[in-house]
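Breakdown of the fold
Next come the chains, spelled out residue by residue.
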Amino acid sequence: MLSRWKTPIVCAALGCGLLLSMPALGVDEGQQIQMLKQMFRQPQPDWPGILRENSGLLDQSFFERVDARIRWSADNNQIDDAIRFSMVGDFACDAAGRVGAYRLGLVVAFQKAGNDELAQVMIDNILLTHPTNVEARFLRAAYRRVALDLQGAIEDYEYVVNQNYRTADSCYFAGQAYLALEKQKQAEAWFQRGLQADPNHVGCKAELEKSSYVKPGPNDGFEGIPVENPVGRNIDPAMHAQYFSRAEAAAKAGKLTDALNSYKDAVAADPKQSQYWIYLGAFDYRLGRPDMAAAEIRRGLGINPKSIEGWRFLGCCYERVFDKTLAAADLENARTSYQKVVELLPGDPVARMGLERLSSKKPKPAAGN
């Protein structure tokens, strides 16, 4: 049995992927049960063929009974059974010429229940039998990005875009992946492609606007991770500088997992080094985690409040957060950060253009206004 799910949440979410209709009279249930029993004795790869051979039994009542069985499984926490019948539903839809979304319904249910592990299991299950399922490819790409399998994520997003599914969003996320790999030109090309699909896409517009005046140098744009000591890793405080050097080298080489671990090691080995915190935050920013990045950069600025680079990064983080939240506090934090750069380095072009950009941005009205 796989991990337990949160039944009330799952029951509410199942409607995203399952057929909803009033009970209908049709083929005798006994015949359908007999067919399923025989099918379950065979290897899974044989199921689609068996269902095609018995397509005469796949009437509306069959699909309603599949729905009912999946819901019963949810009510009784029988995850394996729910997955098995979601596969039956999808294969039966193929045999009957319907569009199947039973397993996608379970993916949504698992996500809403907070069980990403099971959601990923279900996505892999879909793509094992239906590798061209564009919705599943889009969902898998997101999980790959989180796991820092950036090349895999890019491959999925390219496929999704070629199928004209969520084109602008996919272009934006592919561009983010290329930024994390420090491939600026490829990233900009994807952001441009996203704007061709949706000229008003906020994320693509923001990234292209930033790239027009900020070009990454050899030490720019590293992103980081949570700073707690990774489980099972031995940290030598005397090695903090070596850890940091390893992180920079790994990041430049595109070995992001190694880079992340080394940045963790550096901060854990010597948390009093402001540069380690700031670069950790910059790394998180490039990976699309501006909230985490801002917290880390602020730790570094608490140690060295005169770090121009730190305040620049912080301004970018809060600006990206504001672009998503439209919250007045985030806008003010971004403005304050850029102003601090100008105080420390009058005429700094990055901060000056950041402030000009912010002057045209307006927060959403407060609730009740």
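Residues numbered from 1 in each chain as written. Predicted model: local features only at pLDDT ≥ 70, side-chain atom pairs only at ≥ 80, totals over all residues. Heavy atoms only, no water.

**Concerning the nonpolar core**
Counting residues in hydrophobic clusters, the biggest one holds 60 residues, and the most contacted among them are Phe191, Leu256, Tyr263, Phe283 and Leu314. Looking at this core, the element that brings in the most residues is helix H15 (residues 274-286), giving eight residues. By size, the runner-up hydrophobic cluster in this structure holds 35 residues, among which are Ile50, Phe85, Leu127 and Tyr143. (Core = buried A, V, L, I, M, F, W, Y, C linked by side-chain atoms within 4.5 Å. Buried < 20%, exposed > 50% of the residue type's maximum accessible area, 1.4 Å probe, protein only. Helix = DSSP H or I, 4+ residues; strand = E, 2+ residues; numbered from the N terminus.)

**Quick look at the packing of helix H16 (residues 290-303) against helix H17 (residues 308-325)**
When two helices pack together, their arrangement is given by the angle between their axes and by how far apart the axes lie. The geometry of H16 relative to H17 is characterised by a closest axis approach of 9 Å and an angle of 155° between their N-to-C directions. Relative to H17, H16 is oriented roughly antiparallel. By crossing handedness, the relation of H16 to H17 is classed as left-handed. Packed against H16, whose contacting residues are Pro290, Asp291, Ala293, Ala294, Ile297, Arg298 and Leu301, the element H17 presents Gly310, Trp311, Phe313, Leu314, Cys317, Tyr318, Arg320, Val321 and Lys324 at the interface. In terms of residue class, the contact of H16 with H17 is made up of eleven nonpolar, one polar and four charged. (Axes fitted to C-alpha atoms, helices over the stretch in contact; angles between N-to-C directions. Parallel < 35°, antiparallel > 145°, perpendicular 65-115°, else oblique. Left-handed = near helix turned anticlockwise from the far one by under 90°. Contact = heavy atoms within 4.5 Å. Nonpolar A, V, L, I, M, F, W, Y, C, P; charged D, E, K, R; others polar.)

**Observations concerning helix H19 (residues 349-359)**
Those residues of H19 that fall on the buried side of the exposure criterion are Val350, Ala351, Gly354, Arg357 and Leu358. The buried residues of H19 occupy an angular sector of 120° when projected down its axis, which confines them to one face. You can read the cap of H19 off the contacts: a side-chain oxygen lies 3.3 Å from the backbone nitrogen of Val350, and it is on Asp348. (Arc of directions from axis to C-beta. Polar contact = N/O pair within 3.5 Å; in protein donor to acceptor, adjacent residues only side chain to side chain.)

**Quick word on the packing of helix H8 (residues 134-146) against helix H9 (residues 150-162)**
Where H8 contacts H9, the two axes come as close as 8 Å, and the packing angle between them is 155°. With respect to their mutual orientation, H8 and H9 come out roughly antiparallel. Like other packed secondary-structure pairs, H8 and H9 cross with a definite hand, here left-handed. Residues Val134, Arg137, Phe138, Arg140, Ala141, Ala142, Arg144 and Arg145 of H8 form the contact with H9, whose own contacting residues are Leu150, Gly152, Ala153, Glu155, Asp156, Tyr157, Tyr159 and Val160. Looking at side-chain class alone, the contact of H8 with H9 contains nine nonpolar, one polar and six charged residues.

**What to know about the packing of aromatic side chains**
If you walk through the whole model with that rule in mind, you get twelve aromatic pairs. For the ring pair Phe138 and Tyr165, a centre distance of 5.9 Å and an interplane angle of 80° mean the geometry is edge-to-face. Residue Phe138 is located in helix H8, and its partner Tyr165 is located in the loop between H9 and helix H10 (167-180); the two are separated by 27 residues in the primary sequence. Ring plane angle 25° and centroid distance 4.8 Å describe the contact between Phe244 and Tyr276, whose orientation is recorded as stacked. Of this pair, Phe244 sits in helix H13 (residues 240-252) while Tyr276 sits in helix H15; the two residues are 32 residues apart in sequence, bridging distant segments of the chain. Judged by its relative accessible area of 6%, Phe244 falls in the buried class. Through a chain of ring-to-ring contacts, the aromatic side chains of Phe138, Tyr157, Tyr165, Tyr172, Phe173 and Phe191 assemble into a single cluster. A cation over a ring is seen here: Arg84 above Phe40, with NZ or CZ 4.2 Å from the ring centre. (Phe/Tyr/Trp six-rings, centres within 6.5 Å; stacked < 30°, edge-to-face > 60°. Lys NZ or Arg CZ within 6 Å of the ring centre and 35° of its normal.)

**Structural notes on the confidence of the model for the protein chain**
Looking at the protein chain as a whole, the pLDDT averages 83, with 85% of positions reaching at least 70. Across the protein chain, the element-wise mean pLDDT spans from 45 in helix H1 (residues 7-13) up to 94 in helix H3 (residues 47-53). Note on residues 213-231: pLDDT under 50 across the span, and 65 contacts to partners over four residues away in sequence or across chains. (pLDDT = per-residue confidence, 0-100.)

**Examining the pattern of salt bridges**
When the charged atoms of two side chains lie near each other, side chains of opposite charge can form a pair. On inspection of all chains with the given rule, the structure shows 17 salt bridges. The partner of Arg103 in a salt bridge is Asp90, and the shortest N-O contact between them spans 2.7 Å. One end of the pair, Arg103, is in helix H6 (residues 102-112); the other, Asp90, is in helix H5 (residues 79-96), and 13 residues separate them in sequence. Asp156 is the salt-bridge partner of Arg137, the closest N and O atoms lying 2.6 Å from each other. Taken as a pair, Arg137 in helix H8 and Asp156 in helix H9 lie far apart in primary sequence, 19 residues in all. Judged by relative accessible area, Arg137 falls into the buried class, the value being 14%. Taken together, the shared-partner salt bridges connect Glu209, Glu319, Asp323, Arg357 and Lys361 into one network. (Salt bridge = Lys/Arg side-chain N within 4 Å of Asp/Glu carboxyl O.)

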